[in-house]
Amino acid sequence: MPSDHPVTVAGAGLSGLAAAILLARAGKEVHVHDIRADSGARFDGDFQALENWSMDEDFFDQLEAWGFDSSEFKSTAFSVVDLIHPDDAVTQARTNGVAYRIVERGTSPHTIDQAFKRMAIEAGVTLHYKSRINLEHADIVACGPKETSALALGEIFHTSHPNHIAFQLNDKVAPGAYSYMIIIDGVGLICTCLWRKQRGSERFLNECIATYRRLYPDVDMQPVKRVGGKGDFTLNGCYTSRSGQHFVGESGGLQDFMWGFGMRMAVWSGVLAAQDMLGGPTYDREVRKHLLPYVRTSVANRWLMNRVGDRTFKRMCLRWMRDQERSGDGLRWIGRLFRPSPTKRLIFGLTSPFMLKRADGPMRPRRLPFRPALPRDAWEPSPEALNVKASWEAARRRGSHTSFESIEGEAVEHDAAPA
Ligand SMILES: Cc1cc2nc3c(=O)[nH]c(=O)nc-3n(C[C@H](O)[C@H](O)[C@H](O)COP(=O)(O)OP(=O)(O)OC[C@H]3O[C@@H](n4cnc5c(N)ncnc54)[C@H](O)[C@@H]3O)c2cc1C
């Protein structure tokens, strides 16, 4: 690419903006196009976790080293989390450092999305919202999810309860996955993740909220809105196309297949793409070196998760707590789960050809299909969940809304279709 050639980025999310900022700071003319009206508009006030256990380096140190100002967005650090076992026993995982930081996604000024947008504007990036370009004309493709491999559904509420975090492994209310409750400064989110496609998905959220109401009777909850979105899990054959386009973030399949953590790899991959375009090491090679081992580990973890249920989830919780007693650090066990190892490499090699399905695209992706429901996913809602449903319907009549099109399977946001 000639050095004065303007750079075109498709997608003004975390990965696209991270790349754009570094390129503009290096003197490039950068244009970022996004089909939505603003950065973060894919989300609506959802809390997301920047995990800090999967790698040795603290993510905020990495952000600073790349030149991103982490004080531009609100983040709340936690060193302790309630771990709710599938049988509702509650224990606590704790560490001396930062286990994770919670940030908000969306269009409010304190969200991480708007912080990256401000840094981009300051660097001289030209942002084009509500702009759909032919993706073949983009130098960097950063469009987030395309298809659906999993769903997350949540309810945001107001509460007077102090800041708190709880995380539950439970195959009934969160098929194949987990649910969580996050409370920060008077705003709460209860969310369930579905790694199996369901009819009547909302019943999982209602049952999940009923579970947290039962376990945390002192948490008052006034429902505000329901939020959610889809995750697209692909493993690419390559990360730079023959025509030289870099695929970053979720568009490049760079996120955690097991539990859906993707923000860290989104920013990191944006940085690597920009470095390549500025004459640094090749993007494809750097992704394979720094990010792919973690993605492959997460594919192996997802294969294992797809095979188990509450009995294994209970064993995992007990092991996690036993390891904490032994080592004095609640991050050690979970950190090991996420890190590459010879066993995970073997599982990945043996299972990924069967678990991932070939899909169309210049990156030769293999996609994690949204798995069908299992017979055990058919159950009648509890009376408490029916109460949750009734209180949500009352809130809806008062003006509360669901901020995505539908929570029935595939019908959530079809945004990254080729122009
Ligand atoms: C409900 C939910 C909860 C999550 N929780 C966590 C969490 O706790 N921790 C974590 O690390 N990760 C979490 N993730 C994953 C994380 O949000 C993503 O991995 C991350 O946002 C990916 O960044 P990105 O830059 O690839 O995409 P995004 O940040 O989504 O940005 C993509 C942008 O591209 C735009 N776009 C789409 N199509 C086009 C097009 N054709 N042309 C131009 N622009 C386009 C979109 O409007 C959007 O602005 C969660 C995801 C969901 C859905």
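Now for a look at the structure at hand. Note that the coordinates shown come from a computational prediction; the quantities given were computed from them, not determined experimentally.

1. Here we look at the pairing of strand E13 (residues 187–194)
Consecutive side chains of a regular strand alternate in pointing toward one face of the sheet and then the other.
Turning to step 1, where the next piece is worked out: Counting buried positions over the 8 residues of E13 gives 7, a clear majority of the element.
Turning to step 2, where the next piece is worked out: Judged from the 8 bridges that link them, strand E10 (residues 150–158) and E13 form a sheet pairing that is antiparallel. Paired with Glu155 across the two strands is Ile190, which belongs to E13.

2. Regarding the nonpolar core
Turning to step 1, where the next piece is worked out: Grouped together as the largest cluster of nonpolar side chains are 116 residues, with contacts concentrated most on Val9, Ala19 and Ala20.
Turning to step 2, where the next piece is worked out: Per element, the largest residue contribution to this core is 10 residues, and it comes from helix H5 (residues 263–277).
Turning to step 3, where the next piece is worked out: Beyond its immediate stretch of four places on either side in the chain, Ala20 contacts Val9, Val30, Val32, Ala120 and Val125.

3. Describing unusual backbone geometry
Turning to step 1, where the next piece is worked out: We note that Lys130 has phi near 50°; this positive angle belongs to a residue other than glycine.
Turning to step 2, where the next piece is worked out: Turning to its location among the elements, Lys130 is positioned in the loop between strand E8 (126–129) and strand E9 (140–141).

4. Some points on the sheet that holds strand E4 (residues 75–78)
Turning to step 1, where the next piece is worked out: Spatial strand order, E3-E7-E4: 3 strands in an open sheet with antiparallel pairing. If you trace the sheet from one side to the other, it starts and ends with strand E3 (47–51) and E4, each paired once. The sheet shows a mean angle of 30° between the axes of neighbouring strands, taken without regard to direction.
Turning to step 2, where the next piece is worked out: Sheet topology note: the E4/strand E7 (residues 100–104) ladder contains 4 bridges and is antiparallel. Bridge pairing in E7 places Ala77 opposite Arg101.

The rules behind the values
Residues numbered from 1 in each chain as written. Predicted model: local features only at pLDDT ≥ 70, side-chain atom pairs only at ≥ 80, totals over all residues. Buried ≥ 20, exposed ≤ 12 C-beta atoms within 10 Å, placed from the backbone. Helix = DSSP H or I, 4+ residues; strand = E, 2+ residues; numbered from the N terminus. Pairing = 2+ DSSP bridges. Core = buried A, V, L, I, M, F, W, Y, C linked by C-beta atoms within 7 Å. Contact = placed C-beta atoms within 7 Å. Axes fitted to C-alpha atoms, helices over the stretch in contact; angles between N-to-C directions.

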